[in-house]
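A structural walkthrough
Read off the chains here:
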Amino acid sequence: MRIRDFSFQEREGENEVLLKALLKNHPRCHTITMIQLTATPASALVDEPVHIRATGLTPFQIVLLQASLEDEMGNMFHSQAYYRANEVGEVDLEHASSLGGDYVGVHPMGLFWSLKPEKILTRLLKRDVMNSPFRVQLKLYNSNVILINKATAAPIVSLTLERWYVAPGVTRIQVREGRLRGALFLPPGEGRFPGVIDLFGSIGGLIEFRASLLASHGFAALALAYCDYEDLPCPLEKVDLEYFEEAANFLLRHPKVFGPGIGVVSICKGAEIGLSMAIHLKQVRATVLINGPNFIFDAPQVYRDQIYQPLPHSPQLLSISALGLFEFRHIFEEARVEANQTSFLPIEKAQGHFLFIVGEEDKNINSKAHAEQATEQLRRNGKNNWTLLSYPGAGHLIYPPYSPLCCASKLSNFHFFIHWGGEVIPHAAAQEHSWKEIQKFLRKHLIPVVTSQL
């Protein structure tokens, strides 16, 4: 019997008294009115965990939890999982195991990292990090909702969470100095702070969400654009390392940045550039390379009148998956096997430290082989200035924690979809672990050690 099965009569008297008594004493009515859905904290950084609980359920009741998010372009993302309440009518995602849906098992943040787009192969990417969060709506349904239209089905209870990419007090400074284009994020306070340049890959433009999160955790982070942004070239015909040297000097001149060195966090094409920066620029002391090559590809690099040519590729080794997704993982393999040592970036010349982060299911770059070759090159030259983190099941786009896996998407300057790879659960675990390691690595090598004076 449900509350809406009753209707009040126009007249007062016995019917109204009887109805109130039924509402008061019927146990099902008590259950409905007591159901609560909580998420703590309701507003937090996107890389912070949330504690989700549902209480007041019938003991051992099966329910459906759904999360939904609308991005800045109006694209919708959804996730869902089924849970069984315990003996006291509670579902606590820190302990409860999902029975099915987008994932199975105990995964407290599974509703976030398993979000999938309604429009297939759409990439979730936060553009405006300062002025608005992503809002995630959580809904609790009866377990039979899969049999009806969720668009018209009313949830038992719902709530909305705010997931921010910037902490309170972080400031953003638009950078247009000389030919530099980017955005500098500074943590609150007087400083000084360790300085980091943040580089993305062939997506182009100015991508700020990782730099804003780094600033939220105490780094002065420069999100640096280098192609397809304002007056920067597109496509990228050459990589001028002096541009990145200017960026390093710009960061070190800032009064809130520690000297004498900076860090680089980089992925894909950005990691190729990050590796070259570490080799050629004495300012770079700590370099994070996420799924990058140990050679130049596509566009040549130029530094102080020296030109460094890309490694040839074999287009016939391009793979196209059953879903029509392009996989570039093997196109450099022939050249890499046949090449001599001068074809690879001379990583042994770098004075700083390296953190290699590898997704073993990367379908875009054979990043594990490249990282292993680079570390072997360091080892042969007597260097131990590196750490390699290799993650089985992780794909190419390793982002900060709880970001949904993007297994494939289209870049603006391509007409096809690129397969990035990855399996949802191990990819999520890789993102959570590597983000902590990135911050530890940068702090270790960029924050000066203060020795006491006796």
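Up top is the structure.
Summary of the structure given here. Every value quoted in this text rests on a predicted model; they were computed, and no experiment measured them. (Residues numbered from 1 in each chain as written. Predicted model: local features only at pLDDT ≥ 70, side-chain atom pairs only at ≥ 80, totals over all residues. Heavy atoms only, no water.)

**A few points about the state of the cysteines**
- Here the structure, examined in full by the defined rule, presents zero disulfides.
- For C407, which is in no disulfide, the shortest distance to another cysteine sulfur is to C406 and amounts to 6.5 Å. (Disulfide = S-S within 2.5 Å.)

**Details of helix α9 (residues 424-446)**
- Spanning 23 residues, α9 covers 33 Å between terminal C-alpha atoms, matching the ideal 33 Å at 1.5 Å per step.
- Within α9 the residues assigned to the buried category are H427, A428, A430, Q431, S434, W435, I438, Q439, F441, L442 and L446. (Helix = DSSP H or I, 4+ residues; strand = E, 2+ residues; numbered from the N terminus. Expected span 1.5 Å × (residues − 1). Buried < 20%, exposed > 50% of the residue type's maximum accessible area, 1.4 Å probe, protein only.)

**Some remarks on the packing of aromatic side chains**
- All chains considered together, the criterion is met by 15 aromatic pairs.
- Plain terms: the ring middles of F200 and F209 are 5.3 Å apart, the flat faces sit at 55 degrees to each other, and that makes the pair tilted. Pair check on accessibility: F200 and F209 agree, each one buried.
- Seen from their ring centres, F328 and F416 are 5.9 Å apart, and the 45 degrees between their planes marks the pair as tilted. With F328 in the loop between β21 (326-327) and α7 (333-338) and F416 in the loop between β24 (408-410) and β25 (417-419), the pair connects residues that are 88 residues apart, well separated along the chain.
- For F328, a relative accessible area of 22% corresponds to the partly exposed category.
- Overall, F416 belongs to the buried group, its relative accessible area being 12%. (Phe/Tyr/Trp six-rings, centres within 6.5 Å; stacked < 30°, edge-to-face > 60°.)

**Concerning the side chain of Q439**
- As for its position among the elements, Q439 is in helix α9.
- In contact with Q439, not counting residues within four places along its chain, are H217 and F219. (Contact = heavy atoms within 4.5 Å.)

**Observations regarding the sheet that holds strand β6 (residues 91-92)**
- On the basis of which strands lie adjacent, the open sheet formed by three strands has the order β1-β3-β6 and antiparallel pairing. The two strands at the open ends of the sheet, each matched to only one other strand, are β1 (36-40) and β6.
- Bridge count between β1 and strand β3 (residues 51-55): five bridges; the pairing is antiparallel. Its bridge partner being in β3, T40 is matched across the sheet by H51. (Pairing = 2+ DSSP bridges.)

**Observations concerning the sheet that holds strand β16 (residues 262-267)**
- With mixed pairing, eight strands are arranged side by side in an open sheet as β11-β12-β14-β13-β16-β17-β22-β23. Each edge of the open sheet is held by one strand with a lone partner, namely β11 (171-175) and β23 (386-391). Strand-to-strand twist of the sheet, defined as the mean angle between neighbouring strand axes without regard to direction, takes the value 15 degrees.
- Alignment of strand β17 (residues 284-290) against strand β22 (residues 353-359), held across five bridges, turns out to be parallel. Bridging from a neighbouring strand, V288 pairs with L355 of β22.
- Of the strands in this sheet, β13 (195-199), β16, β17, β22 and β23 touch α9, which is tilted by about 170 degrees from β17. (Axes fitted to C-alpha atoms, helices over the stretch in contact; angles between N-to-C directions.)

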